[in-house]
Amino acid sequence: LQGPSLLAAMNNVANLQILPAEEVDRLREAYEFLRQTENHLQMREYAQTHTLPPEGPALDIVARSLGFADGAAFRVRYDAVTQ
């Protein structure tokens, strides 16, 4: 399972049936969502960061850059993924 790519490792987990394919798909989607969120945060800050802005205009900007209507809609998805 070890290698330079987490996504490749997830494929191996599915192929070896260590976890059900549906669970691996859910983990892959969550990972991709969080990585995309991280990338958008870093572009906004022009620095390496992993901290979401507080509720308000700054979060709305990040949310819209990710295709959400606003920060509240983004938080619903974010909270579901991180649980």
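The model shown is predicted, which means the values in this text are computed figures rather than measured ones. (Residues numbered from 1 in each chain as written. Predicted model: local features only at pLDDT ≥ 70, side-chain atom pairs only at ≥ 80, totals over all residues. Heavy atoms only, no water.)

A.B. asks: Explain the packing of helix α1 (residues 6-15) against helix α2 (residues 21-45) to me, please; I cannot follow it from the model alone.
C.D. replies: Two quantities define a packed helix pair, namely the angle between the helix axes and the distance between the axes. Contact pair α1 / α2: the axes reach a minimum separation of 10 Å and the direction vectors enclose 170°. When the axes of α1 and α2 are compared, the pair comes out roughly antiparallel. Across the interface between the two elements, Leu-6, Leu-7, Met-10, Asn-11, Val-13 and Ala-14 of α1 pack against Val-24, Leu-27, Arg-28, Tyr-31 and Glu-32 of α2. Its residues placed into classes, the contact of α1 with α2 shows eight nonpolar, one polar and two charged. (Axes fitted to C-alpha atoms, helices over the stretch in contact; angles between N-to-C directions. Helix = DSSP H or I, 4+ residues; strand = E, 2+ residues; numbered from the N terminus. Parallel < 35°, antiparallel > 145°, perpendicular 65-115°, else oblique. Contact = heavy atoms within 4.5 Å. Nonpolar A, V, L, I, M, F, W, Y, C, P; charged D, E, K, R; others polar.)

A.B. asks: What should I look at first to understand the packing of aromatic side chains in this one?
C.D. replies: The geometry of an aromatic ring pair is captured by two quantities: the separation of the ring centres and the angle between the planes. The tally for this structure, following the rule as stated, stands at four aromatic pairs. An angle of 80° between the planes, with centres 5.5 Å apart, marks the rings of Phe-68 and Phe-74 as edge-to-face. Its relative accessible area of 22% is what places Phe-68 among the partly exposed residues. An aromatic cluster of at least three residues, connected via ring pairs, comprises Phe-33, Phe-68, Phe-74 and Tyr-78. Positioned over the ring face of Phe-33 is Arg-77, at 5.0 Å from the centre of the ring. (Phe/Tyr/Trp six-rings, centres within 6.5 Å; stacked < 30°, edge-to-face > 60°. Buried < 20%, exposed > 50% of the residue type's maximum accessible area, 1.4 Å probe, protein only. Lys NZ or Arg CZ within 6 Å of the ring centre and 35° of its normal.)

A.B. asks: How do you make sense of α2 when you look at a structure like this?
C.D. replies: Turn by turn, an α-helix covers 3.6 residues, leaving residues three or four places apart pointing in a common direction. With 25 residues, α2 extends 36 Å from end C-alpha to end C-alpha; this agrees with the ideal 36 Å at 1.5 Å per step. The set of residues buried in α2 consists of Val-24, Arg-28, Ala-30, Phe-33, Thr-37, Glu-38, His-40, Leu-41 and Gln-42. (Expected span 1.5 Å × (residues − 1).)

A.B. asks: Please explain the nonpolar core as it appears in this structure.
C.D. replies: Nonpolar side chains tend to gather and get buried jointly when the protein is soluble and globular. Residues Ala-30, Phe-33, Leu-41, Leu-52, Leu-59, Val-62, Ala-63, Leu-66, Phe-74 and Val-81 constitute the largest nonpolar core, which totals ten residues. Those elements giving two or more residues to this core turn out to be α2, α3 (57-65) and α4 (71-82). (Core = buried A, V, L, I, M, F, W, Y, C linked by side-chain atoms within 4.5 Å.)

A.B. asks: Help me out: how do you make sense of unusual backbone geometry in this one?
C.D. replies: For residues other than glycine, phi is negative in most cases, and the peptide bonds are mostly trans. Look at Gln-17: it is not a glycine, yet its phi comes out positive at around 60°. Relative to the elements of secondary structure, Gln-17 occurs in the loop between α1 and α2.

A.B. asks: So what exactly am I meant to see when it comes to the environment of Tyr-31 here?
C.D. replies: Structurally, Tyr-31 can be placed in helix α2. Separated by 17 residues in sequence, Tyr-31 and Ala-14 have C-alpha atoms that sit 15 Å apart. Non-local contacts of Tyr-31, meaning those with residues more than four positions away in its chain, are made with Leu-6, Leu-7 and Met-10.

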